[in-house]
Amino acid sequence: MTLPAGRDRYLDVLRAVAIIRVVVFHMFSVVWLSYAFPAMGVMFALGGSLMAASLQRSAVRAVTSRIRRLLPALWVLAAFVVPVMLWHGWTAADPNGRDLRLLVFWLVPLADPPGSAWAGDATVVLWYLVTYLWLVLLSPLAWRLFRRLPLVAMAVPLAVLAATQLAPGHAGLDLLGWRAAAVVVDVATFGACWIAGFAHRTGALGRLHPAQVAVLAGACLAAGAGWAVTHPAEDGSGNLNDIPLAQGLYSLGFAVLLLRAAPAMRWLRRFPLLDGAVSVLNARAVTIYLWHNIAIALCFWVGDLLQVWQLGPWTQLGYFGVALVLLCVPVLVLGPVEDLAARRRPALLPVQRAATAPADATVTVRDAGRWRQRRRRSARHALAATDREGGHTPDAMSRR
């Protein structure tokens with residue numbers, strides 16, 4: 001049984017938390033945050049769930065609509081970043097080299113778009129768009145495999161990831177070039193999370209006994225954390241973001257737990273400001289992600305002009321406050337591009353929530369069944385009332 005269509009507010013909240021965690025992590029670089037909330041794995045799991053909902057209607061439309069929503073925000077960033085890099089003297093002497101032929105990846109990010117070392121803060125985040133695009137393109141094939149062999153579909157990306165990390169010569173990745181190799185590793189790292197989203201949307205995850213989910217997720221979390229401890233990153237840290245196999249396993253376990261929990265979010269309606277913030281973060285997720293690192297890079301220069309260093313022990317929080325203010329500029333000015341890409345009316349702050357399915361947008365299969373039962377009972381009551389009043393009316397029949 002699949003979950004009915006509609007906006008799931010719980011997924012919106014998870015995405016909002018993930019975006020906030022990404023910004024906080026890039027500002028403060030606290031390693032434990034990668035374990036407390038593996039934001040990228042959660043975001044890919046959410047993307048997989050929403051993709052599955054669209055695939056059930058039309059695979060072609062599901063792919064084209066997501067590409068349409070993704071690319072314009074990247075093009076806006078490119079319109080600023082690429083000219084500035086060239087003006088600043090981007091040459092072949094840079095570590096990545098200036099190859100104008102690779103600028104095509106700024107239009108369609110099938111691999112990491114090229115960038116200068118000076119603009120690294122702007123380009124380092126683009127791997128997410130590359131990975132997301134590939135997962136979208138592979139989704140029709142992955143969906144067919146999942147519908148027939150769900151466990152195999154879940155295991156394939158993990159097997160590819162293990163091969164790239166454990167096999168001699170990294171399973172031939174060295175022959176692909178670093179751009180292609182990075183795509184393979186990133187897609188394999190988060191592919192299982194994407195498939196977990198499929199399992200959530202189809203109700204397969206909801207049908208598992210909580211004990212089964214706890215064992216599966218616990219095993220993935222333990223394996224991921226254990227691998228990170230025994231195989232730290234090159235700098236000696238246990239940062240999950242720098243240890244692909246640990247990231248893939250730990251993120252999968254974490255995402256499975258979150259998607260299976262699916263609590264009701266009716267309480268959010270009692271807090272309009274918080275509810276509106278969730279809406280804004282979701283409607284501007286791509287813009288926030290693409291521009292937050294630039295805001296963080298600029299906040300120290302602007303903060304020094306404002307003498308933020310005089311805050312003493314609160315100096316770092318002061319710089320963070322400056323970064324958030326700077327981030328508001330592209331969100332307000334460039335954010336409406338996301339509205340246009342999604343074929344919505346442009347708005348500075350899209351605080352109005354999208355229409356949701358009744359009774360909290362179906363967080364579990366059991367809730368979905370109860371919602372359908374209530375709707376049937378309501379329809380029967382309305383029909384009976386119409387009969388008592390002297391027969392069916394066209395309006396009553398159309399509502400039914």
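Computed from a predicted model, the values in this text were never measured in an experiment.

This brings us to helix H3 (residues 39-55). For H3, which comprises 17 residues, the first-to-last C-alpha distance of 24 Å matches the rise-based estimate of 24 Å (1.5 Å per residue) to within 8%. Extensive coverage of H3 is indicated by the burial of 16 of its 17 residues.

Attention now moves to the environment of Leu-77. Here Leu-77 is to be found in helix H4 (residues 59-87). If sequence neighbours within four positions are ignored, Leu-77 has contacts with Trp-106, Ala-122, Leu-126, Leu-290, Trp-291 and Ile-294.

Next up on the list: the nonpolar core. Within the largest apolar cluster, 105 residues are counted, with the highest numbers of intra-cluster contacts made by Trp-106, Phe-198 and Leu-252. Ignoring any residue separated from it by four or fewer positions in sequence, one finds Leu-252 in contact with Met-154, Leu-158, Ala-192, Cys-193, Ala-196 and Cys-220.

For the rest of this paragraph, the subject is a nonpolar patch on the surface. Where nonpolar side chains cluster on the molecular surface, the patch consists of Trp-75, Val-104, Leu-107, Val-108, Leu-110 and Leu-137 and spans about 490 Å² of accessible area. Its location among the elements puts Leu-107 in the loop between H4 and helix H5 (120-123). Residue Leu-107 is classed as partly exposed on the basis of its relative accessible area of 48%.

So, on to the packing of helix H1 (residues 9-28) against helix H13 (residues 285-305). The interhelical angle for the contact between H1 and H13, taken along N-to-C directions, is 20 degrees, at an axis separation of 10 Å. Between H1 and H13, the angle falls in the class roughly parallel. Taken as a pair, H1 and H13 cross one another with a handedness that is right-handed. Contacts between H1 and H13 involve Arg-15, Ile-19, Val-22, Val-23, His-26 and Met-27 from the former and Ala-285, Ile-288, Tyr-289, His-292, Asn-293, Ile-296, Cys-299 and Phe-300 from the latter. Its residues assigned to classes, the contact of H1 with H13 shows 10 nonpolar, 3 polar and 1 charged.

Now for unusual backbone geometry. Even without a glycine there, the phi angle at Ser-29 is positive, about 50 degrees. For Ser-29, the position within the fold is in the loop between H1 and helix H2 (33-36). Accessibility expressed as a relative area gives 53% for Ser-29, which makes it exposed. For Ala-262, which is not glycine, the phi dihedral falls at a positive 45 degrees.

Turning next to the confidence of the model for the protein chain. Of all residues in the protein chain, 83% attain a pLDDT of 70 or more, and the chain-wide mean is 86. Below pLDDT 50 for its whole length, residues 353-372 participates in 43 contacts with residues either more than four positions away or in separate chains. Predicted confidence is poor over residues 378-400, with pLDDT under 50, and the contacts of this stretch with residues over four places away or in other chains come to 8 contacts.

Given a rise of 1.5 Å per residue, 20 residues ought to cover 28 Å, and the 29 Å separating the end C-alpha atoms of H1 matches this to within 8%. With respect to burial, H1 is a largely interior element, 15 of its 20 residues being buried. Near the N-terminus of H1, the side chain that reaches the backbone nitrogen of Tyr-10, with its oxygen 3.0 Å away, is that of Asp-8. Positioned one or two residues after H1, Ser-29 has a phi angle of 50 degrees, which is positive.

Time to look at the packing of aromatic side chains. Taken as a whole, this structure holds 18 aromatic pairs when the rule is applied. Where Trp-127 meets Phe-190, the ring centres are 5.7 Å apart and the plane angle is 25 degrees; that geometry is what we call stacked. Of the two residues, Trp-127 sits in helix H6 (residues 127-148) while Phe-190 sits in helix H8 (residues 178-202), which places them 63 residues apart along the sequence.

Contact geometry of helix H10 (residues 210-230) with helix H11 (residues 244-261) gives a least axis separation of 7 Å together with a crossing angle of 155 degrees. What the angle tells us is that H10 and H11 run roughly antiparallel. The element H10 and its partner H11 pack so that their crossing is left-handed. Where H10 approaches H11, its residues Pro-210, Val-213, Ala-217, Cys-220, Leu-221, Ala-223, Gly-224, Ala-225, Trp-227 and Ala-228 are matched on the opposing element by Leu-245, Ala-246, Leu-249, Tyr-250, Leu-252, Gly-253, Phe-254, Val-256, Leu-257 and Arg-260. For the contact of H10 with H11, the residue count by class is 17 nonpolar, 2 polar and 1 charged.

Now for the pattern of salt bridges. Scanning all chains against the criterion turns up 5 salt bridges. Of the charged contacts, one joins Arg-15 and Asp-12 as a salt bridge, the two residues approaching to 3.5 Å between their closest N and O atoms. Placement of both Arg-15 and Asp-12 in helix H1 is noted, with a separation of 3 residues, approximately one turn of the helix. Residue Arg-284 pairs with Asp-339 through a salt bridge whose shortest N-O separation is 2.7 Å. Taken as a pair, Arg-284 in the loop between helix H12 (272-283) and H13 and Asp-339 in helix H15 (residues 336-341) lie far apart in primary sequence, 55 residues in all. Each member of the pair, Arg-284 together with Asp-339, is buried. In the salt-bridge network here, residues are joined through shared partners; they are Arg-9, Asp-12, Arg-15 and Asp-275.

About the cut-offs
Position numbers for residues start from 1 in each chain and track the written sequence from start to end. For this predicted model, a pLDDT threshold of at least 70 governs which residues receive local features, and a threshold of 80 or more governs which side-chain atom pairs are given and counted, while totals over whole chains, interfaces and linings are taken from all residues. Working from all heavy atoms in the structure, the side-chain values ignore hydrogens and water. For the purposes of this entry, the term helix denotes a DSSP run of H or I that reaches at least four residues, the term strand denotes a run of E that reaches at least two, and both are numbered from the N terminus. The span one expects for a helix is its residue count, reduced by one, times 1.5 Å. Three labels apply to residues, based on accessible area from a 1.4 Å probe with only protein chains included: buried if under 20% of the type maximum, exposed if over 50%, partly exposed otherwise in between. Residues count as neighbours in contact if any of their non-hydrogen atoms are within 4.5 Å of one another. The criterion is simple. A nonpolar core is a set of buried Ala, Val, Leu, Ile, Met, Phe, Trp, Tyr and Cys residues joined through side-chain atoms within 4.5 Å. What makes a patch is a set of residues exposed beyond 30% relative accessible area and free of salt bridges, joined within 9 Å when like-charged and within 5 Å when nonpolar (Val, Leu, Ile, Met, Phe, Trp, Tyr). Methods summary: accessible areas were calculated by the Shrake-Rupley approach with a probe of 1.4 Å, and residue burial reflects only the protein chains presented. Any carboxyl oxygen of Asp or Glu that lies within 4 Å of a side-chain nitrogen of Lys or Arg is treated as forming a salt bridge with it. With axes taken as lines fitted to C-alpha atoms, and helix axes fitted only over the stretch in contact, angles between N-to-C directions fall between 0 and 180 degrees. With respect to orientation, any angle under 35 degrees is reported as roughly parallel, any angle over 145 as roughly antiparallel, any angle of 65 to 115 as roughly perpendicular, and every other angle as oblique. Crossings are assigned a handedness: left-handed for a near helix turned anticlockwise from the far helix by less than a right angle, right-handed for a clockwise turn. Only Asp, Glu, Lys and Arg are considered charged, only Ala, Val, Leu, Ile, Met, Phe, Trp, Tyr, Cys and Pro nonpolar, and every remaining residue, Gly among them, polar. Known as pLDDT, the predictor's per-residue confidence is scaled from 0 to 100. The definition of a polar contact used here is a pair of N or O atoms within 3.5 Å, where within protein one atom must be able to donate a hydrogen and the other to accept one, and adjacent residues in sequence count solely through side-chain atom pairs. Two rings from Phe, Tyr or Trp (for Trp, the six-membered ring) form a pair when their centres are within 6.5 Å of each other. A pair whose planes differ by under 30 degrees is stacked, one over 60 is edge-to-face, and the rest are tilted.

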